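# Structure at a glance
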Amino acid sequence: MLKLSPLILALLYGFAVYQVSVWRTRRALDRKSTELAEPRLRAVCDKLARALELPRIKVHVYEIAPVNGLAAPDGRIFLTRGFLERYASGAVTAEEIASVVAHELGHVALGHSRRRMVDFSAQNALRTALAAVLSRIIPGFGGMIAAGLARLVAARISRVDEYEADAYASALMIKAGLGTAPQKSLLSKLDNLAGVGGATPAWLMSHPKTEARLKAIEANEAKWLKA
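As the structure is a prediction and not an experimental result, all values here were calculated from the model.

## What to know about the overall build of the protein
If you tally the helices and strands in the protein, you get 8 helices and 4 strands. Beginning at the N terminus, the succession of helices and strands in the protein can be written as α-β-α-β-β-β-α-α-α-α-α-α. Classification of the 227 residues of the protein by burial places 41% in the buried group. In the protein, once contacts between residues fewer than 6 apart in sequence are set aside, the share between residues at least 24 apart is 67%. About 12500 Å² of surface is accessible on the protein, with carbon and sulfur atoms providing 63% of the total.

This is the structure:
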């Protein structure tokens, strides 16, 4: 029992982190968001809703500056104020914004949003347990090695999710009559819009490289056209 105690404590810690993370995320989103009201953006979201045979898709604006879209664990879809500002300046189109909403809907429909919170907690538990074991074997470096391994696992899971959400978004955009051109054009702009740079290796990034995502979308289109 004593030998298992570090693992049990790590699992309890992971569960506690999960509960706190869900609560903090919901509180922050509730406090700093309002429903999207811009008419043109509402119109393209309505096209997505009709394609899904839904009465409407409720999208919220999260009042932070970074350019991003996100799906909350409770299924709500958010666009950041930074994204809306790029739209207002003409840097992105309404159809490109719709592709972001479609992508986030994919995360919800495929269960990624809720699972990521669980994965986050499991990774914390794994890191804690590994650090406890490795620190005994490699004093001073065990914690760093454990953290690095946990980051690699998280990045791998996240990249798979992004490809799946891209595929869902492509199918939905096509069904809605918007096509994949806005999705692909936005991906081509996204690094500059978000201010992303540097030479982080693809296998360490939480999102796949843009070129790989574009190729995956085109491969899906070619496969669907043959079907």
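## Notes on unusual backbone geometry
The backbone of Glu53 shows a phi angle near 60°, a positive value even though the residue is not glycine. If you trace the backbone, Glu53 turns up in the loop between helix H2 (39-51) and strand E2 (59-62).

## Side note on helix H3 (residues 81-88)
Turning to H3, its buried residues number three or more, namely Gly82, Phe83, Leu84 and Tyr87. Gly90 sits one or two residues past H3 and shows a positive phi near 90°.

## Remarks on the sheet that holds strand E3 (residues 69-71)
Each strand in a sheet pairs with its neighbour through backbone hydrogen bonds, running either in the same direction (parallel) or in the opposite one (antiparallel). Pairing in this open sheet of 4 strands is mixed, and the strands run E1-E2-E4-E3 from one edge to the other. In this open sheet, the two edge strands, each paired with only one partner strand, are strand E1 (33-35) and E3. The sheet shows a mean angle of 30° between the axes of neighbouring strands, direction not considered.

## Brief notes about the pairing of strand E4 (residues 77-80)
Where burial is concerned, the two faces of E4 agree: the one with Ile77 and Leu79 and the one with Phe78 and Thr80 are both buried. Hairpin remark: E3 followed by E4, antiparallel, with 5 residues in the connecting loop; positive phi at Gly75, about 95°.

Basis of the calculations
- Residues numbered from 1 in each chain as written.
- Predicted model: local features only at pLDDT ≥ 70, side-chain atom pairs only at ≥ 80, totals over all residues.
- Heavy atoms only, no water.
- Helix = DSSP H or I, 4+ residues; strand = E, 2+ residues; numbered from the N terminus.
- Buried < 20%, exposed > 50% of the residue type's maximum accessible area, 1.4 Å probe, protein only.
- Contact = heavy atoms within 4.5 Å.
- Areas by Shrake-Rupley, 256 points an atom, 1.4 Å probe, with all protein chains shown as cover.
- Pairing = 2+ DSSP bridges.
- Axes fitted to C-alpha atoms, helices over the stretch in contact; angles between N-to-C directions.

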